[in-house]
Amino acid sequence: MTSSPRLINALAVSELLAQDHDVIRVGHTQGDATVDIHDKASIEVLFAKIDALVVATGNVAFNSVTQMSDEGWQVGLNSKLMGQINLTRAAIPYLNEKGSITLTSGILSDESINWGTSASTINGAVEHFVKAAACELPKGLRINVVSPTLLEESVPKYGVFFPGFVPVPGATVAQAYKKSVQGVQTGQIFKVFG
Ligand SMILES: NC(=O)c1ccc[n+]([C@@H]2O[C@H](COP(=O)([O-])OP(=O)(O)OC[C@H]3O[C@@H](n4cnc5c(N)ncnc54)[C@H](OP(=O)(O)O)[C@@H]3O)[C@@H](O)[C@H]2O)c1
């Protein structure tokens with residue numbers, strides 16, 4: 001997995017957390033297990049007893065607000081929003097007492113870019129879900145969301161869309177996931193902006 005050009009965020013997170021935890025890496029096409037976050041049935045067979053769920057996935061479509069199609073809007077709704085919500089819902093019975101859930105949003109919930117309306121909308125919705133769900137989770141479970149700016153590793157792919165944004169290394173972003181997993185806070189948005 002370490003040579004994959006994908007998994008930008010997930011790779012840095014799993015490498016850091018593996019120093020202290022037994023990490024089960026779950027991808028779409030590769031990993032210790034695979035899942036399709038669009039498919040609730042595939043999510044439900046995923047879990048065994050765990051202490052923490054960390055989600056660093058979710059797609060959104062980028063297009064102008066006037067050009068985005070219905071299908072484009074559904075990408076973010078089905079993948080980054082409902083994919084993370086459905087993973088959270090499915091994991092709750094399998095999480096040990098005082099376990100944690102960490103989801104991923106992104107800087108576009110705070111700042112806007114061209115073609116970023118769907119991403120901004122979805123990231124904001126993920127953050128609102130986390131704040132509300134934190135009030136209701138059973139078993140002393142905690143839930144937080146990490147909001148990274150553009151990762152340095154993603155500059156070749158997305159840098160042109162983020163003029164003037166200062167990228168941060170994936171290893172720095174990974175520390176926010178560690179804070180969520182190993183810390184005490186809940187209902188928080190851990191922003192990692194450059
Ligand atoms: N990269 C950045 O600069 C940046 C900045 C802010 C926020 N984010 C957010 O961080 C998250 C990850 O972004 P990334 O750039 O790291 O993406 P990435 O490199 O493309 O990695 C995506 C990960 O998601 C998995 N995946 C894709 N489709 C899936 C599906 N249908 N079901 C289950 N898993 C699936 C992939 O698994 P396989 O490899 O097995 O297909 C891979 O592990 C996203 O929510 C993104 O918006 C990223």
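To start, this report covers the structure provided alongside it. Since we're looking at a predicted model, the values are computed, not measured.

1. With respect to the pattern of salt bridges
Thinking step 1. What the rule picks out here adds up to two salt bridges.
Thinking step 2. A salt bridge links Lys178 to Asp20; its shortest N-O distance comes to 3.6 Å. In this pair, Lys178 sits in helix 6 (residues 170–182) while Asp20 sits in the loop between helix 1 (8–17) and strand 1 (26–27), placing the two residues 158 residues apart along the sequence.
Thinking step 3. Overall, Asp20 belongs to the partly exposed group, its relative accessible area being 45%.

2. Thoughts on a nonpolar patch on the surface
Thinking step 1. Together, Phe62, Trp115, Tyr158, Val160 and Phe161 give the surface a local cluster of nonpolar side chains, amounting to about 510 Å² of exposed area.
Thinking step 2. With respect to the helices and strands, Val160 occurs in the loop between helix 5 (155–158) and helix 6.

3. Digging into the sheet that holds strand 3 (residues 50–54)
Thinking step 1. If you walk across this open sheet you meet the four strands as 3-4-5-6, and the pairing is parallel. In the strand order of this sheet, the two ends are held by strand 3 and strand 6 (189–192), each with one partner. Strand-to-strand twist across the sheet, computed as the mean angle between neighbouring axes with direction ignored, equals 15°.
Thinking step 2. The sheet strands contacting helix 3 (residues 70–91) are strand 3, strand 4 (95–104) and strand 5 (142–148), and the helix crosses strand 4 at an angle near 175°.
Thinking step 3. Packing of helix 6 onto the sheet brings it into contact with strand 3, strand 4, strand 5 and strand 6, and relative to strand 5 it is tilted by some 170°.

4. Side note on helix 1
Thinking step 1. Burial of helix 1 is extensive: seven of the ten residues sit out of reach of the surface.
Thinking step 2. Among the residues of helix 1, Asn9, Leu11, Ala12, Val13, Ser14, Leu16 and Leu17 are the ones counted as buried.
Thinking step 3. Residues of helix 1 that are buried sit in contact with strand 3, strand 4, strand 5 and helix 6.

5. Remarks on the packing of aromatic side chains
Thinking step 1. Counting across every chain of the model gives three aromatic pairs.
Thinking step 2. Their ring planes at 20° and their centres at 5.8 Å tell us that Phe47 and Tyr94 sit as a pair that is stacked. Of the two residues, Phe47 is situated in the loop between helix 2 (40–44) and strand 3 and Tyr94 in the loop between helix 3 and strand 4; the sequence distance between them amounts to 47 residues.
Thinking step 3. Taking relative accessible area as the criterion, Phe47 reaches 13% and is therefore assigned buried.
Thinking step 4. Ring centres of Phe162 and Phe165 lie 5.3 Å apart, and the angle between their planes is 90°; this geometry places the pair in the edge-to-face category. The same class applies to Phe162 as to Phe165, namely buried.

6. Re the pairing of strand 5
Thinking step 1. In terms of burial, strand 5 is largely enclosed, as seven of its seven residues are buried.
Thinking step 2. Side chains of strand 5 alternate between two faces, with Arg142, Asn144, Val146 and Pro148 and Ile143, Val145 and Ser147 buried alike.
Thinking step 3. In the sheet, strand 4 pairs with strand 5 via five bridges, with the strands oriented parallel. Across the sheet, Thr102 pairs through a bridge with Asn144, a residue of strand 5.
Thinking step 4. The pairing of strand 5 with strand 6 spans four bridges and is classified as parallel. In the strand pairing of strand 6, Val146 is matched with Phe190.

The rules behind the values
- Residues numbered from 1 in each chain as written.
- Predicted model: local features only at pLDDT ≥ 70, side-chain atom pairs only at ≥ 80, totals over all residues.
- Heavy atoms only, no water.
- Salt bridge = Lys/Arg side-chain N within 4 Å of Asp/Glu carboxyl O.
- Helix = DSSP H or I, 4+ residues; strand = E, 2+ residues; numbered from the N terminus.
- Buried < 20%, exposed > 50% of the residue type's maximum accessible area, 1.4 Å probe, protein only.
- Patch = residues over 30% accessible without salt bridge, like charges linked within 9 Å, V, L, I, M, F, W, Y side chains within 5 Å.
- Areas by Shrake-Rupley, 256 points an atom, 1.4 Å probe, with all protein chains shown as cover.
- Pairing = 2+ DSSP bridges.
- Axes fitted to C-alpha atoms, helices over the stretch in contact; angles between N-to-C directions.
- Contact = heavy atoms within 4.5 Å.
- Phe/Tyr/Trp six-rings, centres within 6.5 Å; stacked < 30°, edge-to-face > 60°.

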